Amino acid sequence: MATTNDLKNGMTLDIEGQLWTVVEFQHVKPGKGPAFVRTKLKQVLTGKVVDKTFNAGVKVEVAILEKREMNFLYKEGEDFVFMDNKTFDQMNISAAIVGDAVNYMLENTEAIVAINENNPLYIELPASVVLTVTYTEPGLQGDRSSGGTKPATVETGIEIQVPLFIKQDEKVLVDTRDGSYQGRAN
């Protein structure tokens, strides 16, 4: 348990049986009336963001969220099998929890898995990953109608926009947050 005066960005709260992460908070002390804390909370499972106001000093339940470094091993049916890097325990995580991260995961990809009471909640990938271009049209040097980019399919199967000079079988850095091209991989 903690009070609303102890809130910090990134803290995870258990409100009415649901897990919420504090995105931002502001302690307000008006001229009249009691002080209060205005917060912006993001639901851990769905990503829904809501504004919630608490009276100052009210007790809130803090959820214990354990973040473990894990390796993605392989896909088993609809589940993804991850291995804890410290204990070498394996954990099956459903496709619903993995979400869009599947577009950037190859075998042996490092990821951080957030766990609450032995239940995986979500997966955090590194900011960028190295992927190989499996198919792209050859870029024509005079073609600037598309802003100097062309579509390319990478080894995970998603299509990203790359500059015209990128060729098939080249390794590129891809941003895992929005799927954008970051540059050539060394």
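Residues numbered from 1 in each chain as written. Predicted model: local features only at pLDDT ≥ 70, side-chain atom pairs only at ≥ 80, totals over all residues. Heavy atoms only, no water.

Let's talk about the sheet that holds strand β2 (residues 12-15)
Then step 1. Read from one edge to the other, the open sheet built from six strands follows the order β1-β6-β2-β3-β4-β5, with strand pairing classed as antiparallel. With partners counted over all chains shown, the strands left at the sheet margins are β1 (2-3) and β5 (49-55), one partner each. (Pairing = 2+ DSSP bridges. Helix = DSSP H or I, 4+ residues; strand = E, 2+ residues; numbered from the N terminus.)

Description of the sheet that holds strand β11 (residues 119-124)
Then step 1. Strand order in the open sheet made by the five strands is β9-β8-β7-β10-β11, with antiparallel pairing throughout. Two strands close off the open sheet at either side, each with one partner strand: β9 (90-94) and β11. Taken over all neighbouring pairs, the strand axes of this sheet differ in orientation by 45 degrees on average, direction set aside.
Then step 2. Two elements, strand β8 (residues 79-84) and β9, share five bridges in a ladder whose sense is antiparallel. Within β9, the residue paired with Asp 79 across the bridge is Ser 94. (Axes fitted to C-alpha atoms, helices over the stretch in contact; angles between N-to-C directions.)

Some points on the UniProt feature "domain: Translation elongation factor P/YeiP central" (unreviewed entry) in the protein
Then step 1. On the UniProt side, "domain: Translation elongation factor P/YeiP central" (unreviewed entry) is annotated at positions that read residues 67-121 here.
Then step 2. Taken end to end, residues 67-121 is 7% helix and 56% strand, and its first and last C-alpha atoms sit 10 Å apart. (UniProt positions renumbered as here; feature names shortened; annotations may be inferred.)

Digging into the packing of aromatic side chains
Then step 1. Counting across every chain of the model gives two aromatic pairs.
Then step 2. Ring centres of Phe 72 and Phe 82 lie 5.5 Å apart, and the angle between their planes is 50 degrees; this geometry places the pair in the tilted category. You can see Phe 72 sitting in strand β7 (residues 66-76) and its partner Phe 82 sitting in strand β8, a full 10 residues away along the chain. The pair Phe 72 / Phe 82 is uniform in exposure class, with both members buried. (Phe/Tyr/Trp six-rings, centres within 6.5 Å; stacked < 30°, edge-to-face > 60°. Buried < 20%, exposed > 50% of the residue type's maximum accessible area, 1.4 Å probe, protein only.)

Here we look at the pairing of β5
Then step 1. As paired elements, strand β4 (residues 36-43) and β5 share seven bridges and run antiparallel to each other. Opposite Val 37, over in β5, you have Phe 54 as the bridge partner.
Then step 2. In textbook terms, the turn of a hairpin is the stretch between consecutive antiparallel strands, and for β4 and β5 this stretch comprises five residues, one of which, Gly 47, has a positive phi near 85 degrees.

Considering the environment of Thr 134
Then step 1. The residue Thr 134 is located in strand β12 (residues 128-136) in this model.
Then step 2. A sequence separation of 76 residues divides Thr 134 from Val 58, and the C-alpha atoms of the two residues are 55 Å apart.
Then step 3. Those residues in contact with Thr 134 that sit more than four places away from it in its chain are Thr 153, Val 154, Glu 155 and Gln 168. (Contact = heavy atoms within 4.5 Å.)

Brief notes about the side chain of Glu 170
Then step 1. Tracing the backbone through its elements, the reader meets Glu 170 in the loop between β14 (159-163) and β15 (171-175).
Then step 2. At 2.7 Å, the side chain of Glu 170 forms a polar contact with the side chain of Arg 184.
Then step 3. Contact partners of Glu 170, with chain neighbours within four places excluded, come to Leu 131, Thr 132, Val 133, Phe 165 and Arg 184. (Polar contact = N/O pair within 3.5 Å; in protein donor to acceptor, adjacent residues only side chain to side chain.)

Topic: the pattern of salt bridges
Then step 1. Counting across every chain of the model gives five salt bridges.
Then step 2. The residue Lys 67 makes a salt bridge to Glu 124 at a minimum N-O spacing of 3.1 Å. In this pair, Lys 67 sits in strand β7 while Glu 124 sits in strand β11, placing the two residues 57 residues apart along the sequence.
Then step 3. Note that Glu 170 and Arg 184 form a salt bridge whose closest N and O atoms lie 2.7 Å from each other. Placement of Glu 170 in the loop between β14 and β15 and of Arg 184 in strand β16 (residues 181-184) is noted, with a sequence separation of 14 residues between them.
Then step 4. Bridged by salt links that share partners, the residues Glu 66, Arg 68 and Asp 84 form one connected network. (Salt bridge = Lys/Arg side-chain N within 4 Å of Asp/Glu carboxyl O.)

Some points on the nonpolar core
Then step 1. Ranked by size, the top nonpolar core spans 26 residues in total, and within it Phe 82, Val 98, Met 105 and Ile 123 carry the most contacts.
Then step 2. Secondary structure elements with two or more residues in this core: β7, β8, β9, β10 (110-116), β12, β13 (149-154), β14 and β15.
Then step 3. In contact with Ile 123, not counting residues within four places along its chain, are Phe 82, Ile 93, Val 98, Ala 111, Ile 112 and Val 113. (Core = buried A, V, L, I, M, F, W, Y, C linked by side-chain atoms within 4.5 Å.)

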